[in-house]
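What follows is the residue order along each chain.
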Amino acid sequence: MEEVSDMPLVHIDLIEGRTDEQLKGLVKDVTEAISKNANVPAERVHIVLNEMRKDRYSVGGKMVSDK
């Protein structure tokens, strides 16, 4: 049975709007950094991308879409 610690799970929250190419570059770079610094094979790194709609985000009590 594999150790849970051998399977890094990374959650990244983003506001929507990036291209597939940008997201692929992001997960590639994050995977390489986690693999190197956590000393695990890249194949073991799991990344979850959560993209929020632009109108579902607020700063300082005000919706960003209202600015």
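Caption draft 1: Representation of the side chain of serine 35 in the model. The residue serine 35 is located in helix H1 (residues 20–38) in this model. Side-chain polar atoms of serine 35 contact the backbone nitrogen of alanine 42, separated by 3.5 Å.

Caption draft 2: Geometry of the pairing of strand E2 (residues 46–52). Judged from the 7 bridges that link them, strand E1 (residues 9–15) and E2 form a sheet pairing that is parallel. Considered in E2, the bridge of histidine 11 is made with valine 48. Handedness of the crossover joining E1 and E2 through H1: right-handed.

Caption draft 3: Local environment of the pattern of salt bridges. What the rule picks out here adds up to 3 salt bridges. Across the pair glutamate 32 and lysine 28 runs a salt bridge whose closest N-O atoms are separated by 2.8 Å. Remark: lysine 28 and glutamate 32 occur in helix H1; sequence separation between them is 4 residues, near one turn of the helix. Of the residues examined, glutamate 32 reaches a relative accessible area of 42% and is grouped as partly exposed. Judged by relative accessible area, which is 49%, lysine 28 ranks as partly exposed.

Thresholds applied
Residues numbered from 1 in each chain as written. Predicted model: local features only at pLDDT ≥ 70, side-chain atom pairs only at ≥ 80, totals over all residues. Heavy atoms only, no water. Helix = DSSP H or I, 4+ residues; strand = E, 2+ residues; numbered from the N terminus. Polar contact = N/O pair within 3.5 Å; in protein donor to acceptor, adjacent residues only side chain to side chain. Pairing = 2+ DSSP bridges. Right-handed = clockwise from strand over helix to strand, strands pointing away. Salt bridge = Lys/Arg side-chain N within 4 Å of Asp/Glu carboxyl O. Buried < 20%, exposed > 50% of the residue type's maximum accessible area, 1.4 Å probe, protein only.

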